[in-house]
Amino acid sequence: MVGMAQVRGTPKTYDVIVVGSGAGGGVAAHVLSLAGAKVCMLEAGGFYDGTKQSDMFKWPYNAPHRGAGTHAKPFGYFDATLVGGWHVPGEPYTNAPGTDWMWWRARMLGGRTNHYGRISLRMGPYDFKPYSRDGKGFDWPITYEELAPYYDKAEELIGVFGTPEGIENTPDGKFLPAPAPRAYERLVKLACDRLKIPCIPSRLAILTRSIHGRAACHYCAQCGRACGVNANFNSPGVHIFPAMKTGNLEVRTDAMAREVVVGPDGLARGVSYIDKKTRGEVTVNGKIVVLAASCCETARILLNSKSSRFPDGLANSSGLVGRYLMDTVGSDVDGYLPVLEDLPPRNEDGVGGMHMYMPWWNYKRQKAGRMPFARGYHIEFGGGRGQPGAGDFDGTERILGGGYGLELKRNVRRMYGAQVGFTGRGEMVPNADSYCELDPHTVDEWGIPVLRFHFKWSQDEILQAKHMQDTFKEIITAMGGKYFTEATAENNWGISRGGAIIHEVGAARMGADPKTSVLNSNCQAWDCKNLFVTDAAPFVSNADKNPTLTISALGWRTSEYIADQVKKRNLAA
Ligand SMILES: Cc1cc2nc3c(=O)[nH]c(=O)nc-3n(C[C@H](O)[C@H](O)[C@H](O)COP(=O)(O)OP(=O)(O)OC[C@H]3O[C@@H](n4cnc5c(N)ncnc54)[C@H](O)[C@@H]3O)c2cc1C
Ligand code: SF4
């Protein structure tokens with residue numbers, strides 16, 4: 001039952017209100033608090049501190065179902081998610097007929113940065129100008145060179161390991177040393193060398209050396225459970241708690257933003273939110289509002305911020321809020337490598353993620369028009385002898401077809417660690433059929449209208465998925481392995497469902513023209529100069545590079561711009 005909403009104002013006026021505490025909200029709160037601004041952060045979820053709440057050191061037998069995934073905990077019991085996943089209780093979303101969108105949300109301080117994969121790749125120069133390269137999609141209003149100094153700052157703060165490689169459109173960063181490859185990763189590299197596919201040390205936001213007083217990783221491979229020693233990037237441990245130490249950042253958890261409140265002059269003057277604990281509505285006043293509730297939630301807040309001056313929602317004079325939503329293209333193949341059978345037991349834990357990966361290698365062929373699809377993908381892969389979970393026979397049942405007792409045990413021991421899985425992460429070209437809008441018929445537990453999604457892949461993405469399938473089979477075959485896939489032409493080569501890769505970007509894009517974009521090149525709303533966005537909503541394209549490092553760099557740049565504009569008194573009424 002929805003409680004009686006009571007609107008309560010707070011007299012204080014903050015310099016900045018930041019909505020959301022994930023990668024985008026964390027960086028804005030960090031940079032602005034350290035610059036001296038009085039910041040109020042609103043976070044819809046509860047307080048979370050991985051150094052106190054991580055399940056990193058627990059055993060599967062400490063968990064229900066030995067930690068196996070369930071409807072409520074699809075990625076396993078130890079998923080470092082207070083509330084959320086594919087379903088958030090009381091907060092539905094809907095799909096238009098024909099759409100099969102999935103939406104992963106985490107309601108907690110730090111959002112999805114508590115359990116994300118930490119893959120941290122810079123976008124390259126081509127990625128900012130895709131339209132200029134192949135005539136599809138749109139160009140960003142900024143270049144790689146303009147963002148590069150902010151990638152430097154983001155990497156130096158959060159800590160990213162990697163190696164300088166000088167590969168086309170795969171910029172090197174300010175790297176910590178990379179961990180050594182595991183046995184199966186070395187094998188994959190040898191096969192890739194033969195196939196002329198680059199296979200290089202991965203780039204992950206995990207400390208292989210202590211920096212900024214944070215401990216180095218001790219290689220327990222459990223990053224998905226949150227790190228109890230703060231050795232991987234997570235927004236609370238790296239952005240928010242250090243910012244709170246300045247005394248300039250106040251964090252309000254369980255604060256579900258409903259709308260940005262606009263004054264008669266058309267400027268933002270605060271944010272109205274539901275205090276989930278009292279179920280009352282509160283308005284917090286601020287001179288500047290930064291939205292970072294995650295790409296689609298930010299679009300939702302903008303669309304719900306209706307007023308007589310902005311009847312279609314705030315910052316929406318172009319009609320583009322919610323439009324050109326993108327995810328990443330995914331397709332998978334599993335492999336079994338007999339050459340790895342019966343190896344002596346060894347510790348392959350390492351960091352909580354891959355130590356090697358393959359960046360896209362076909363830029364030249366694509367430019368020459370010799371590829372059947374636009375844009376590229378990189379390859380992520382996993383395998384080895386990690387900690388087994390419940391009912392986990394490491395895929396051996398696919399080969400054994402079952403078994404009993406001693407013989408089964410012997411077989412599983414022999415085959416454990418001989419599996420390897422490949423997955424592509426590819427660029428989607430934005431299209432007009434993919435967007436989110438307010439559902440006129442559905443509200444959430446708090447009475448706030450929810451999003452309805454529309455989503456379509458184009459032939460570019462489907463043919464990219466086919467190429468992934470062919471490549472993975474080639475690599476596995478080159479290692480003398482067997483491959484397993486359910487992908488066929490009928491299921492579009494196993495292409496992932498929209499949203500399934502959890503890289504949603506682009507619902508309030510930046511641009512050079514207020515008629516064709518929501519935000520200007522500083523992620524400032526064209527229609528409301530004291531309103532900014534620092535999550536993935538401003539993205540103009542969705543390069544194959546996982547988005548979070550770019551959210552951090554772009555958010556840092558936007559926050560420095562805000563601080564500069566405040567000094568110049570350009571944001572006041
Ligand atoms: C399992 C998993 C693996 C991933 N792996 C990678 C990876 O390896 N590399 C990579 O780059 N990306 C990865 N991602 C994606 C990455 O997590 C996101 O890109 C990133 O967290 C987005 O940051 P954000 O700040 O936009 O949103 P979030 O991290 O989702 O944070 C948004 C915050 O805003 C809050 N919020 C939402 N609505 C409101 C509201 N109305 N009022 C107040 N607060 C609100 C939410 O509760 C949340 O805390 C992964 C994601 C998952 C789930
Ligand atoms: S692998 Fe390293 S960074 Fe990840 S949880 Fe373990 S100690 Fe922390």
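The structure this text deals with has already been given above.
Residues numbered from 1 in each chain as written. Chains lettered and ligands numbered in written order. Predicted model: local features only at pLDDT ≥ 70, side-chain atom pairs only at ≥ 80, totals over all residues.

**Focus: the overall build of the chain**
Counting its regular elements, the chain contains 13 helices and 20 strands. For the C-alpha atoms alone, the extent of the chain along its principal axes is close to 75 × 55 × 45 Å. Of the contacts formed within the chain by residues at least 6 apart in sequence, a portion of 74% connects residues at least 24 apart. (Helix = DSSP H or I, 4+ residues; strand = E, 2+ residues; numbered from the N terminus. Contact = placed C-beta atoms within 7 Å.)

**Some remarks on the site of ligand 1**
In the vicinity of ligand 1 there are 39 residues, among which Gly20, Gly22, Gly111, Gly117 and Asn546 approach most closely. Taken together, the elements giving at least two residues each to the shell around ligand 1 come down to α1 (23–34), β5 (105–107), β10 (255–262), α8 (295–304) and α13 (548–567). Its residues placed into classes, the shell around ligand 1 shows 19 nonpolar, 14 polar and six charged. (Near = placed C-beta within 6 Å. Nonpolar A, V, L, I, M, F, W, Y, C, P; charged D, E, K, R; others polar.)

**Thoughts on the sheet that holds strand β15 (residues 377–383)**
What holds strands together in a sheet is hydrogen bonding between their backbones, with the strands either parallel or antiparallel. Strand order in this open sheet of four strands is β15-β16-β13-β19, and the pairing throughout is antiparallel. Edge strands, defined here as strands with exactly one partner in the open sheet, are β15 and β19 (482–484). Across the sheet, the mean angle separating the axes of adjacent strands is 25° when strand polarity is ignored. Pairing of strand β13 (residues 332–336) with strand β16 (residues 419–426), which is carried by five bridges, proceeds in the antiparallel orientation. For Gly335, the partnering residue across the bridge sits in β16 and is Val420. Where helix α12 (residues 459–478) meets the sheet, its contacts fall on β13, β15, β16 and β19, and the angle it forms with β16 comes to roughly 155°. (Pairing = 2+ DSSP bridges. Axes fitted to C-alpha atoms, helices over the stretch in contact; angles between N-to-C directions.)

**With respect to the nonpolar core**
One finds Ile17, Val18, Val19, Val39, Val271, Ala299 and Ala508 to be the most contacted residues of the largest nonpolar core, which totals 160 residues. When residues no more than four places from it in sequence are discounted, the contact partners of Val39 are Tyr14, Asp15, Val16, Val18, Ala29, Leu32, Ser33, Asn248 and Leu249. (Core = buried A, V, L, I, M, F, W, Y, C linked by C-beta atoms within 7 Å. Buried ≥ 20, exposed ≤ 12 C-beta atoms within 10 Å, placed from the backbone.)

**A short note on the pairing of β15**
Successive residues of a regular strand alternate their side chains across the two faces of the sheet. Counting buried residues in β15 gives six out of seven residues, a clear majority hidden from the surface. For β15 and β16, the ladder comprises seven bridges, and the chain directions are antiparallel. Within β16, the residue paired with Tyr377 across the bridge is Gly426.

**A short note on the environment of Val229**
Structurally, the position occupied by Val229 is in the loop between β8 (200–201) and α7 (235–244). You can call Val229 partly exposed: it has 18 C-beta atoms within 10 Å. Distance from Val229 to Phe161, taken between C-alpha atoms, is 17 Å for residues 68 residues apart in sequence.

**Comments concerning the site of ligand 2**
Surveying the vicinity of ligand 2 reveals 15 residues, the closest of which are Cys217, Cys220, Cys223, Cys227 and Asn232. Considering only residue class, the shell around ligand 2 consists of eleven nonpolar, four polar and no charged.

**Description of the packing of α1 against α7**
Geometrically, a packed helix pair is captured by the angle between its two axes and the distance between the axes. Contact pair α1 / α7: the axes reach a minimum separation of 8 Å and the direction vectors enclose 30°. Taken together, α1 and α7 sit at an angle that is classed as roughly parallel. Handedness of the crossing formed by α1 with α7: left-handed. Two secondary-structure elements touch here, α1 through Ala23, Gly26, Val27, Ala29, His30, Ser33 and Leu34 and α7 through Ser235, His239, Ile240, Pro242 and Ala243. Its residues assigned to classes, the contact of α1 with α7 comprises seven nonpolar, five polar and no charged. (Parallel < 35°, antiparallel > 145°, perpendicular 65-115°, else oblique. Left-handed = near helix turned anticlockwise from the far one by under 90°.)

**Details of the sheet that holds strand β4 (residues 94–95)**
Strands sit in the order β4-β18-β17 across an open sheet of three strands; the sheet is mixed. Both edges of this open sheet fall to β4 and β17 (435–443), since each of them pairs with a single strand only. Inspection of the sheet shows β17 paired to strand β18 (residues 449–454) by five bridges, in the antiparallel sense. What sits directly across from Cys436, in β18, is Phe453. The strands touched by α8 within the sheet are β17 and β18, with β17 carrying the most contacts at an inclination of about 60°.

**Some thoughts on the environment of Ala478**
Turning to its location among the elements, Ala478 is positioned in helix α12. Through-space distance from the C-alpha of Ala478 to that of Arg509 is 42 Å; in sequence the pair is 31 residues apart. Beyond its immediate sequence surroundings of up to four residues, Ala478 is in contact with Ala191, Arg194 and Leu195.

**Quick notes on the pairing of β13**
Across the five residues of β13, five count as buried, placing the element largely inside the fold. Side chains of β13 alternate between two faces, with Asp332, Asp334 and Tyr336 and Val333 and Gly335 buried alike. Both β13 and β19 contribute to a ladder of three bridges, which runs antiparallel. Of the residues in β19, the one forming a bridge with Tyr336 is Lys482.

**Details of helix α6 (residues 183–195)**
With 13 residues, α6 extends 19 Å between its outermost C-alpha atoms, agreeing within 8% with the 18 Å of an ideal straight helix rising 1.5 Å per residue. Lys196 sits one or two residues past α6 and shows a positive phi near 65°. (Expected span 1.5 Å × (residues − 1).)

**Concerning the environment of Val261**
Position of Val261 relative to the elements: it lies in strand β10. As for Val261 and Met358, which are separated by 97 residues in sequence, their C-alpha atoms are 46 Å apart. With residues near it in sequence (within four places) discarded, Val261 still touches Arg269, Gly270, Val271, Ser272 and Thr283.

**Digging into unusual backbone geometry**
Its identity as a non-glycine residue notwithstanding, Asn169 has a phi of 55°, on the positive side. Looking at where Asn169 falls in the secondary structure, it is placed in the loop between β6 (160–161) and β7 (175–176). With a phi close to 75°, Ala226 is a non-glycine residue in the positive phi region. By the secondary structure assignment, Ala226 is in the loop between β8 and α7. Using a count of 29 C-beta atoms within 10 Å as the deciding quantity, one classes Ala226 as buried.

**So, α12**
In an α-helix, one turn spans 3.6 residues, which is why side chains three or four residues apart end up on the same side. For α12, which comprises 20 residues, the first-to-last C-alpha distance of 28 Å matches the rise-based estimate of 28 Å (1.5 Å per residue) to within 8%. Contacts made by the buried residues of α12 are with α6, β13, β15, β16 and β19. Taken from the residues just after α12, Gly480 is the one with a positive phi, measuring 75°.

**Topic: the packing of α6 against α12**
Two numbers describe how α6 lies on α12: the axes approach to 9 Å, and their chain directions differ by 110°. The orientation of α6 with respect to α12, classified from their angle, is roughly perpendicular. Seen from above, α6 lies across α12 with right-handed handedness. On α12, the residues touching Val188, Ala191, Cys192, Arg194 and Leu195 of α6 are Glu474, Ile475 and Ala478. Of the residues assigned to the contact of α6 with α12, the class counts are six nonpolar, no polar and two charged.

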